[in-house]
Amino acid sequence: MNRRYRAGRGTAALPVIIVTGLFLSLSAFLLIRSATSQAEHALADRQAIQLHDELKAGLERQSMLLRALSGPLAGPAPVTDASFASAAEPLLPLYPNLRAVAWARRISERNVPLLERAMRSAGYTSFAVRNADGGRGPDYGAAGMSADRFVNVLAEPRSAVGLIGLDMASLPGQRDVLVRSCAANRLAAAEGQPLRAELGESSVLIYLPVYTREVEDDPDRLVEPIVCDLLTGFLWTSFDIGQLLRDAVRRVGISIGDVYLLEPPARPGMGAPRMLAAEGAIGRPGELPHPPVDPLTVEQLTGDAAPHAIVRDIAFAGRVWRLYVLPDAARLFSADDRLAWTMLIGGILLTAGVAAYVLREARTKRLLRTEARARAAMARALRESEERFRLALRYSKVSLFSQDRNLRHLWIYCPRADLHPERMIGRTDAELFPMDEAARMSTIKRSVMESGTGTRCELVVTYGGSRRVLDLSVEPMRDETGAVAGVVCAAIDMTESVEIRDALSRAHAEAERANQAKSRFLAAASHDLRQPFQAMSLFHHILMSKLDDPQQVEVANKLGEALTAGNTLLSTLLDTSALEVGNVKPRVAEFDVQDILARLSIEIGDQAIDRGLQLRTVDCSARVQSDPILLERMVRNLLVNALRYTTEGRILLGCRRRSDADGGIRLSIEVWDTGPGIAEAEMNAIFEDFYRCGTDQRDSGRGLGLGLSIVRRMSQMLDHPVTVRSRVGRGTVFAVSVPLVVQECSCCAAAE
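A separate point is the overall build of the chain. Within the chain, the secondary structure is distributed over 18 helices and 21 strands. Of all 752 residues assigned to the chain, the portion counted as buried reaches 38%. Considering only contacts in the chain between residues 6 or more positions apart, those separated by 24 or more positions represent 64%. Summed over all atoms, the accessible surface of the chain reaches about 43600 Å², with 56% contributed by carbon and sulfur.

Here it is, written out as structure tokens:
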């Protein structure tokens, strides 16, 4: 009683134990993950500040380059290509992201011809001042600086020489930038993407005004025409902002997420921000910078559904660039959360151990109850299965019975009403069946008991005065120790099936005897049937030589045609009979296939001309291995078949070399015609006896339909496969595949 009380109390406390353990484990997990996330956010903020300072320093280096090169341009001495190059070349290696640095000289419209002559005399033979759109005339009508041109006359490196002669003020939106830079005497960044095609997609332009004397930098000054009158031009530089961002990412070692640099519009309402560059996080020390794996668009960065990002503004040259640092999304499984996961898994395991200890006795009790229910269910299933088995046997022809080692019947189930199982229990086969049948059954059953292997056989038994044919299956019956204690037998009554099978066998044998008798008769009567036709042909020739009357000659000619047709049909029937009986034996030899082609070309060619057709034969030098007489008859039958069914066009006889499935080479003898073609449904039927494709079966002018059946029998005899391809309305191709004799050349024989 005390034990049952303790088990019930432990089971009731189990939910409290599980809930408490899981709550403590999950709380520790969340606290540790929160501390880790805060540390990662602090690292991301520090790296964003470092990247901002690095980019700002890189932009300041661009202004230092412009100010370093602007000194000689503001002096009284003219600056030449050589002096500008000598000043710029030592500085260019320090700026790997530099695309171009150029001097845009201020020129009034009336002095443009003077500048062009001066530049051409300096070595630029094809120099001409041009606008951004390719024209040469001004596209503005104001006075003063608003009407002057700012033409590139010096450029470094040499790859930027193509920009010389370009009026920078003609670029879209750049004249306003130049005016503001001149009036404020400070650096100005270009708006939009000028010279994108020449300098690249991610290029940024910065202008520095150069005056004839020093002018104080006043950020509050907006427009001062007097200062702009002292302007001599603009020194500008173009650099790759993407390369600048890439170098900054490499120096800082960004490891917390992707970095994007955007250029907001110059004024509100002027469109969407422009993506300048993007770089991915450096996952391992020493890894090279690379683009983001899953880059975001401007809309995704600045839209309503934009992810959380650290944003820093970079103000430079009158413009503001916006830096976005996107920390990586918190992952459920990461190396930084090892301690949190250890606490969670340890708490769960501890809770599971306590719960397992509490459940041990309750589980044992449940297992016992489950086993009892399973045994009851198995007993019910066994009873239901037995009932279904009995029902199935009741409506079948299967009889089941078992016998002990003395072959006495122990139990019997038989669906036949004329058998009485109660009279067979306890009796042996010798007491129930005739002596010879009982001996045969006893021999089979005792061999199964001795070998322990079942068997199946067909037996004829006599019981109650009726003869039955049984399909008997005998299996050994074993006791608890595994020893053979008797046999279990199943007998299926096959009397009706055997009677039907015997009747079919007798009918088939009778048909075979009749067919063989017919074939032997035709083969034996071959000579006797041919003699009358030969005699009639001889008398017909004699008669033709004695007739002079045209009407009588015409009747005699028709008589000759009838004799020829009858002789042909009789020969075809006799050939078919000889092939069926097996009197024709192939004599295989090697020969030139051209001999057959030449004879058939002469023989069938005249008949084709009489029918208004053209027979074309392609010569072949191959040697084949076959019976020359039978092969010639096969090809002749195919040609005659094509001649019968082709009303216009031509017939082609030729050969092709083909590879077979075994890797050997065979010769394909092909007959092409332009006849009506054969439908797909008739492809197999055309080789049957007395089948004429697409013609009236009573039309004797087309033959008996035995030509292709003879070809089929000969191809089987010679192992020469015959194939057919056809298109209705276009024609048909018959092909006979013959073994090809491989001939070695004389040079190979000499080498051997």
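On to the state of the cysteines, then. Counted according to the given criterion, the structure contains one disulfide. Covalently, Cys182 is tied to Cys228 through a disulfide, its sulfur atoms 2.4 Å apart. Highlighted residues: Cys182 in helix 4 (residues 174-184) and Cys228 in helix 6 (residues 225-229), separated in sequence by 46 residues. Taking relative accessible area as the criterion, Cys182 reaches 0% and is therefore assigned buried. Summary of cysteine pairing: Cys489 is not part of a disulfide, and the nearest cysteine sulfur, belonging to Cys457, is at 9.4 Å. Distance from the sulfur of Cys620, which forms no disulfide, to the nearest cysteine sulfur (Cys655) is 4.1 Å.

With 82 residues, the main nonpolar core has Leu51 and Trp236 as its most contacted residues. Broken down by element, the residue count for this core peaks at nine residues, all from helix 1 (residues 2-74). The contacts of Leu51, once residues within four sequence positions are left out, are Leu245, Ala248, Val249, Val252, Ile254, Val259, Leu323 and Val325. Membership of the second largest hydrophobic core comes to 39 residues, among which are Phe591, Leu638, Ile678 and Leu740.

Looking now at the environment of Arg312. Structurally, Arg312 can be placed in strand 8 (residues 310-316). Separated by 261 residues in the primary sequence, Arg312 and Leu51 place their C-alpha atoms 9.4 Å from one another. Ignoring sequence-local partners within four residues, the contact set of Arg312 consists of Asp45, Ala48, Ile49, His52, Trp321, Arg322 and Leu323. Only 2.9 Å separates the side chain of Arg312 from the side chain of Asp45, close enough to count as a polar contact.

The next subject is the packing of aromatic side chains. Applying the stated criterion to the full structure yields three aromatic pairs. An aromatic cluster is present here, built from Phe150, Tyr207 and Phe234 joined pairwise through their rings.

The next thing to look at is the pairing of strand 9 (residues 319-327). Pairing of strand 6 (residues 257-263) with strand 9 involves six bridges; the strand directions are antiparallel. Within strand 9, the position partnered with Asp258 by the bridge is Leu326. Two strands pair when backbone bridges link them, and strand 8 and strand 9 are joined in this way by seven bridges, in the antiparallel orientation. Among the inter-strand pairings, Arg312 is bridged to a residue of strand 9, identified as Leu323. In sequence, strand 8 turns back onto strand 9 through a hairpin of two residues, with Ala317 there showing a positive phi of about 55°.

The next thing to look at is unusual backbone geometry. A cis amide bond links Glu156 to the next residue, Pro157, at an omega of -5°. By secondary structure assignment, the location of Pro157 is in the loop between strand 2 (149-156) and helix 4. Positive phi values are uncommon outside glycine, yet Leu407 reaches one of about 60°. Mapped onto the elements, Leu407 comes out in the loop between strand 10 (398-404) and strand 11 (409-413).

Whenever strands of a sheet pair, they do so through backbone hydrogen bonds, lying parallel or antiparallel. Read from one edge to the other, the open sheet built from five strands follows the order 11-10-14-13-12, with strand pairing classed as antiparallel. The sheet is open, and its two edges are formed by strand 11 and strand 12 (455-463), each paired on a single side. Across this sheet, the average inter-strand angle for adjacent strands is 25°, counted without regard to direction. Relative to strand 11, strand 10 runs antiparallel, the two sharing four bridges. Bridge pairing in strand 11 places Phe401 opposite Ile412. Together, strand 10, strand 12, strand 13 (466-478) and strand 14 (484-493) form the strand contacts of helix 11 (residues 435-451), whose direction differs from that of strand 12 by roughly 155°.

Turning to the confidence of the model for the chain, a few remarks are in order. Across the chain, the average pLDDT comes to 79, with 81% of residues at or above 70. Helix 18 (residues 746-751) is the least confidently modelled element of the chain, averaging 43 in pLDDT, while strand 21 (residues 731-739) averages 92, the highest of any element. Every residue in residues 1-7 scores below 50 in pLDDT, and together they form two contacts with partners more than four places removed in sequence or on other chains. The model gives residues 139-143 a pLDDT under 50, and that stretch makes seven contacts with residues more than four places away or in other chains.

Here we come to a nonpolar patch on the surface. Taken together, the side chains of Ile18, Leu22 and Ile348 make up a nonpolar region of the molecular surface, amounting to roughly 220 Å² of accessible area. Summarising the element assignment, Ile18 is placed in helix 1.

The next subject is the packing of helix 16 (residues 628-645) against helix 17 (residues 707-718). The geometry of a pair of packed helices is captured by two quantities: the angle between their axes and the separation between those axes. Here helix 16 crosses helix 17 at 150°, and the two axes come no closer than 9 Å. Accordingly, the angle class assigned to the pair helix 16 and helix 17 is roughly antiparallel. Once helix 16 is placed against helix 17, the crossing between them reads as left-handed. In this structure, helix 16 uses Leu630, Leu631, Arg633, Met634, Asn637, Leu638 and Asn641 to contact helix 17, whose residues at the interface are Gly707, Leu708, Ile710, Val711, Met714, Ser715, Met717 and Leu718. When its residues are assigned to classes, the contact of helix 16 with helix 17 shows ten nonpolar, four polar and one charged.

At their nearest, the axes of helix 15 (residues 593-610) and helix 16 sit 11 Å apart, and the two run at 25° to each other. Judged by the angle between their axes, helix 15 and helix 16 are roughly parallel. At the point where helix 15 passes helix 16, the crossing takes the right-handed sense. In contact with Ile596, Arg599, Leu600, Glu603, Ile604, Gln607 and Ala608 of helix 15, helix 16 contributes Pro628, Leu631, Glu632, Val635, Arg636, Leu639, Val640 and Leu643. Of the residues belonging to the contact of helix 15 with helix 16, the class tally is ten nonpolar, one polar and four charged.

Here we take up the sheet that holds strand 6. Pairing within the open sheet is antiparallel, and its four strands lie in the order 7-6-9-8. Each edge of the open sheet carries a strand with a single partner, namely strand 7 (274-279) and strand 8. Along the sheet, successive strands turn relative to each other by an average axial angle of 20°, direction set aside. In the packing of helix 7 (residues 241-252) onto the sheet, contacts are made with strand 6, strand 7 and strand 9, and the angle to strand 7 comes to roughly 35°.

Right, let's talk about the pattern of salt bridges for a bit. Across all of its chains, the model carries 23 salt bridges by this definition. When the shortest N-O distance is used, the salt bridge between Asp247 and Arg250 registers 3.0 Å. Placement of the pair is Asp247 and Arg250 together in helix 7, with a separation of three residues, close to one helical turn. Judged by its relative accessible area of 5%, Asp247 is buried. Put simply, Asp592 and Arg623 hold a salt bridge, and the shortest N to O gap is 3.0 Å. Here Asp592 is found in strand 15 (residues 589-592), whereas its partner Arg623 is found in strand 17 (residues 623-626), with 31 residues between them in sequence.

Cut-offs applied
- Residues numbered from 1 in each chain as written.
- Predicted model: local features only at pLDDT ≥ 70, side-chain atom pairs only at ≥ 80, totals over all residues.
- Heavy atoms only, no water.
- Helix = DSSP H or I, 4+ residues; strand = E, 2+ residues; numbered from the N terminus.
- Buried < 20%, exposed > 50% of the residue type's maximum accessible area, 1.4 Å probe, protein only.
- Contact = heavy atoms within 4.5 Å.
- Areas by Shrake-Rupley, 256 points an atom, 1.4 Å probe, with all protein chains shown as cover.
- Disulfide = S-S within 2.5 Å.
- Core = buried A, V, L, I, M, F, W, Y, C linked by side-chain atoms within 4.5 Å.
- Polar contact = N/O pair within 3.5 Å; in protein donor to acceptor, adjacent residues only side chain to side chain.
- Phe/Tyr/Trp six-rings, centres within 6.5 Å; stacked < 30°, edge-to-face > 60°.
- Pairing = 2+ DSSP bridges.
- Axes fitted to C-alpha atoms, helices over the stretch in contact; angles between N-to-C directions.
- pLDDT = per-residue confidence, 0-100.
- Patch = residues over 30% accessible without salt bridge, like charges linked within 9 Å, V, L, I, M, F, W, Y side chains within 5 Å.
- Salt bridge = Lys/Arg side-chain N within 4 Å of Asp/Glu carboxyl O.
- Parallel < 35°, antiparallel > 145°, perpendicular 65-115°, else oblique.
- Left-handed = near helix turned anticlockwise from the far one by under 90°.
- Nonpolar A, V, L, I, M, F, W, Y, C, P; charged D, E, K, R; others polar.

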